[in-house]
Amino acid sequence: MPEPDLNLDQIMAEVRGLFRDADLDDPALEARILVSGLLDLEPAAVIARGRSPVLGDDIVRIRAAAQRRIAGEPIYRILGWREFYGLKLLLSKETLEPRPDTEVLVDAILPLLREMVGQGRKPRLLDLGTGTGAICLALLHECPEASGVGTDISEDALATAKANADLNGLGDRFEGLQSDWFSHVRGRFDVIVSNPPYIPSAHIAGLDREVREHDPLAALDGGADGLDPYRIIANQADQYLADGGFVGVEFGWDQMAAVQAIFEAAGFVVRHAIRDYGERDRALIFARSPGFSGE
Ligand SMILES: C[S@@+](CC[C@H](N)C(=O)[O-])C[C@H]1O[C@@H](n2cnc3c(N)ncnc32)[C@H](O)[C@@H]1O
C-alpha cells in the first residue's frame, strides 16, 4: 500500500519525535535541516509552510533518512551536500565535510586578495588538500578576478571539487590537480592556503564516532604529532610563492604555537592570527620573513 500523504507539520513532528527519542543533541534543528534538505526547501519554509502536503514517496525518503541519522550517520552525509560560505558543496566518500570554522580562514584571506586586485593583480591561489574545494571555491566566488588550483592526494576528492566548481559556476577559474602536497605543483602563487589533516595518529580512535566513521582517514591523520603536513608545506612553500604572497593554514585549537614555530624556522613571519566562531585559535597567515636566508 502506498504511504498516505501528510503535511509538513505532521512529518516534522514525527521526525522531531524520533530524534528526541534517540537523544540527538538538537532534535528540532536536525529535523529542520534534514527535511528541508530532502525536500529542497529553505529551512524556514518547513515552518512557514506547515500545511503544505508532503507526498507519499517523499515521506518514505524522509523516514529512511531519519533512520540513517538515528543509526549515527551525520546529517550532511545523508543529504550528500553541505553549505560552505554560501556555496552548496557536494560530498563524497573521500571528502571531509567542510566545517563552518574553516570559513574564518576565507574571511581572513579575502582582504589580502582584494588588496592585490586593487593593485591591478589577478591573484592566483593554491589550495593544498582541497577536499570538496571549499576554501578555494569560496575565495574564487568572492573574488571574481582570482583563479585557483586545488590539489589533493585523493582522485575521488578532486572529482568532487571539480563538480562543485561547475555546480557553482566557477569551473573556468578552478583547476584540480592530483598531487602529494607540492609534488606535481608548478609555478608560483599569490596565496597558498591549506587546511591539512592535523589530528595526531594516536588520537583518531578517540574522535567522535560521527567523525571517525564518516570523515576519511586521509583528511584527518596528520602523523605522530599531527604536524607532518605543516612541516612539508612550510619547508617547500617558498619555492611556489610569488613575491608579496601569503600562506594561510588552519590547525587544531591547541596547535598554534607549534605551527608558528615550524613556519618561523622555515623563514616566515605571522601576519594575522585568526580565531574561530568558538573563540579558539584556528588559523595563521604568514608572509616571507624579510631577509631570511634559510641558513
Ligand atoms: C582536513 S581535509 C580539508 C579539506 C578541505 N580543504 C576543507 O577545508 O574542507 C584535508 C585534505 O587533505 C588531503 N590530503 C591528505 N594527504 C594529502 C597529501 N599528501 N597531499 C595532498 N592532499 C592530501 C585529504 O584528502 C583531504 O582532502
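Residues numbered from 1 in each chain as written. Predicted model: local features only at pLDDT ≥ 70, side-chain atom pairs only at ≥ 80, totals over all residues. Heavy atoms only, no water.

Engineer: Any chance you could break down the pattern of salt bridges for me, citing the residues and the numbers?
Structural biologist: Where charged atoms from two side chains of opposite charge come close, those side chains can pair. The tally for this structure, following the rule as stated, stands at 22 salt bridges. Of the charged contacts in the structure, one is a salt bridge between aspartate 276 and arginine 280, with a shortest N-O distance of 3.1 Å. You can call aspartate 276 buried: its relative accessible area is 3%. Under the relative-accessibility criterion, arginine 280 is labelled partly exposed at 35%. It is possible to trace a salt-bridge network through shared partners that takes in Asp101, Glu250, Asp276, Arg280 and Arg282. (Salt bridge = Lys/Arg side-chain N within 4 Å of Asp/Glu carboxyl O. Buried < 20%, exposed > 50% of the residue type's maximum accessible area, 1.4 Å probe, protein only.)

Engineer: Describe the site of the ligand, naming the residues involved and giving the relevant values.
Structural biologist: Residues in contact with the ligand amount to 17 residues; listed here are only the nearest, Gly129, Asp152, Asp180, Trp181 and Asn195. Here a nitrogen atom of the ligand sits 2.8 Å away from a polar atom, N or O, in the side chain of aspartate 180. The contact in question runs from a nitrogen atom of the ligand to an N or O atom on the backbone of tryptophan 181, over 2.9 Å. Each residue belonging to the shell around the ligand can be placed in one class, and the counts come to nine nonpolar, six polar and two charged. (Near = heavy atom within 4 Å. Polar contact = N/O pair within 3.5 Å; in protein donor to acceptor, adjacent residues only side chain to side chain. Nonpolar A, V, L, I, M, F, W, Y, C, P; charged D, E, K, R; others polar.)

Engineer: Outline the packing of aromatic side chains, supporting the account with residue identities and numerical values.
Structural biologist: Taken as a whole and judged by the stated rule, the model has four aromatic pairs. Seen in terms of ring centroids, phenylalanine 182 and tyrosine 240 are 4.5 Å apart; in terms of plane orientation they differ by 10 degrees. Their pairing is stacked. Of this pair, phenylalanine 182 sits in the loop between strand E7 (174–178) and strand E8 (189–194) while tyrosine 240 sits in the loop between helix H10 (228–236) and strand E9 (241–250); the two residues are 58 residues apart in sequence, bridging distant segments of the chain. An identical accessibility class is assigned to phenylalanine 182 and tyrosine 240; each is buried. Ring centres of phenylalanine 263 and phenylalanine 268 lie 5.8 Å apart, and the angle between their planes is 70 degrees; this geometry places the pair in the edge-to-face category. Neither phenylalanine 263 nor phenylalanine 268 differs from the other in exposure class; each is buried. Members of the aromatic cluster, each reached through a chain of ring pairs, are Phe263, Phe268 and Phe286. (Phe/Tyr/Trp six-rings, centres within 6.5 Å; stacked < 30°, edge-to-face > 60°. Helix = DSSP H or I, 4+ residues; strand = E, 2+ residues; numbered from the N terminus.)

Read these as layout, nothing more, since geometry by itself doesn't imply function.
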